[in-house]
Amino acid sequence: MQQSAGVLYVVATPIGNLGDMTDRARKVLSEVDLIAAEDTRQTLRLLTHFGISSKLVAYHDHNEASVAPRLLAEIETGRSVALVSDAGTPLISDPGFSLVAAARERGMSVVPVPGANAAICALSAAGLPSDRFLFVGFPPRTRSHRLAWLGELKGERGTLILYESGKRILATLHDLGEALGETRRLVLARELTKHFETFLVGTASELAQRVEGDAEQRLGELVVLVEGNADTTDPDRAEAERVLRILGETLPLAQAVAIAARLTGIKKNALYRLGLELDLGQAARDVAATDTQM
């Protein structure tokens, strides 16, 4: 790879397992003039592991206003800078937005070096719908603000993905149940890519009980995934129910959903959840049993 002068590289690093470090990320970090790191101690351990000796500078929420101009000046003189966070992809609930935005405004070259990301990693293995999702970062810390924030997300149909500290996970789970209801499936993902990687599945109250009884689940940071709102708008839901009930009288649920999706234009995932809610799978089985007896 030939490096270009005056480039800001946005480099993803492993979220746990160092085997997830890409060859490209390793090469970029070893060749840039400067690495802007959220925590230089954390990044130094990573660089030492891979034998990288590039110069480090601290760049985080508390100093970005003063450090960003220096980094931009370095790039303007033709030097290359790599931006990294403690783990995962920079800017995803991590510092860096103002630096990248300023670089773009000045016409500088900004090059992403993709890799690990906790939100996408968790979504890929959670078993919740992934055709539509919304990453919302960390919830507000106070209960009143958190409930108001969750209330604004209640109607979102896609899977919600948020991060939370182990210190606040119990409070957030209780508020999720109160704000969004106890019928949605949730997944807690912890220690992703590490030896004690854990996925817990259940309702908000079920997961709160499990976390409360297991202190280890309250360590570090967690990815919380919440099933989206399956309700369509009222006219859409009425039509979806009508079509599904008719098809469900003679067809297995999967076939009924596939045909209903073509007829109504509604996503299969939403129709399938609606079919389960209406217990159409059982209705089709009852019809089949009646036909067999006859």
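These figures come from a predicted structure and were not determined experimentally.

K.L.:
I'm lost on the sheet that holds strand β1 (residues 7–11) in this one. Help?
P.N.:
Neighbouring strands of a sheet are bound in pairs by backbone hydrogen bonds; such pairs are parallel or else antiparallel. If you walk across this open sheet you meet the five strands as β3-β2-β4-β1-β5, and the pairing is parallel. The open sheet has two edge strands with one neighbour each: β3 (56–58) and β5 (109–113). Going across the sheet, the axis of each strand differs from the next one's by a mean of 25°, ignoring polarity. Both β1 and β5 contribute to a ladder of five bridges, which runs parallel. The residue of β5 that forms the bridge with Val-11 is Val-113.

K.L.:
It is not clear to me how the pattern of salt bridges should be interpreted in this structure. Could you clarify?
P.N.:
When charged atoms on two side chains of opposite charge get close, those side chains can pair. With the rule as written, the count across this model stands at 14 salt bridges. Connected through shared salt-bridge partners, Arg-143, Arg-146, Asp-175 and Glu-178 make up one network.

K.L.:
What's the story with the packing of helix α10 (residues 253–264) against helix α11 (residues 268–277) in this structure? I'm lost.
P.N.:
Two numbers describe a pair of packed helices, the interaxial angle and the distance between the axes. Put simply, α10 and α11 touch, their axes get as near as 9 Å, and they point 130° apart. In terms of orientation, α10 and α11 fall into the oblique class. As α10 packs across α11, the resulting crossing turns out to be right-handed. Between α10 and α11, the contacting residues are Leu-253, Val-257, Ala-258, Ala-260, Ala-261 and Thr-264 on the first element and Lys-268, Leu-271, Tyr-272, Gly-275 and Leu-276 on the second. Partitioned by chemical class, the residues of the contact of α10 with α11 number eight nonpolar, two polar and one charged.

K.L.:
Looking at this model, I keep getting lost on the packing of aromatic side chains. Mind explaining?
P.N.:
Aromatic rings in a pair are described by how distant their centres are and how their planes are angled relative to each other. Going through the model one piece at a time under the given rule, you end up with two aromatic pairs. Between the aromatic rings of Phe-135 and Tyr-163, the centroid separation amounts to 5.0 Å while the plane-to-plane angle is 65°, which identifies the pairing as edge-to-face. Within this pair, whereas Phe-135 is found in strand β6 (residues 133–137), its partner Tyr-163 is found in strand β7 (residues 159–165), the two being separated by 28 residues in sequence. A relative accessible area of 27% places Phe-135 in the partly exposed class. A ring pair is formed by Phe-138 and Tyr-163, whose centres lie 5.7 Å apart and whose planes are at 70°; its orientation type is edge-to-face. Of this pair, Phe-138 sits in the loop between β6 and α6 (143–153) while Tyr-163 sits in strand β7, placing them 25 residues apart in sequence. Residue classification places Phe-138 among the partly exposed positions, given a relative accessible area of 32%. Here Tyr-163 falls in the buried class, since its relative accessible area comes to 9%. Among the aromatic residues, those joined into a ring-pair cluster are Phe-135, Phe-138 and Tyr-163.

K.L.:
Sorry if this is basic, but what is going on with the UniProt feature "domain: Tetrapyrrole methylase" (unreviewed entry) in the protein chain here?
P.N.:
Per the UniProt record, "domain: Tetrapyrrole methylase" (unreviewed entry) is found at residues 8–208. Secondary structure across residues 8–208 divides into 39% helix and 21% strand, with the first and last C-alpha atoms of the span separated by 42 Å.

Each value, and the rule that gives it
Residues numbered from 1 in each chain as written. Predicted model: local features only at pLDDT ≥ 70, side-chain atom pairs only at ≥ 80, totals over all residues. Heavy atoms only, no water. Pairing = 2+ DSSP bridges. Helix = DSSP H or I, 4+ residues; strand = E, 2+ residues; numbered from the N terminus. Axes fitted to C-alpha atoms, helices over the stretch in contact; angles between N-to-C directions. Salt bridge = Lys/Arg side-chain N within 4 Å of Asp/Glu carboxyl O. Parallel < 35°, antiparallel > 145°, perpendicular 65-115°, else oblique. Left-handed = near helix turned anticlockwise from the far one by under 90°. Contact = heavy atoms within 4.5 Å. Nonpolar A, V, L, I, M, F, W, Y, C, P; charged D, E, K, R; others polar. Phe/Tyr/Trp six-rings, centres within 6.5 Å; stacked < 30°, edge-to-face > 60°. Buried < 20%, exposed > 50% of the residue type's maximum accessible area, 1.4 Å probe, protein only. UniProt positions renumbered as here; feature names shortened; annotations may be inferred.

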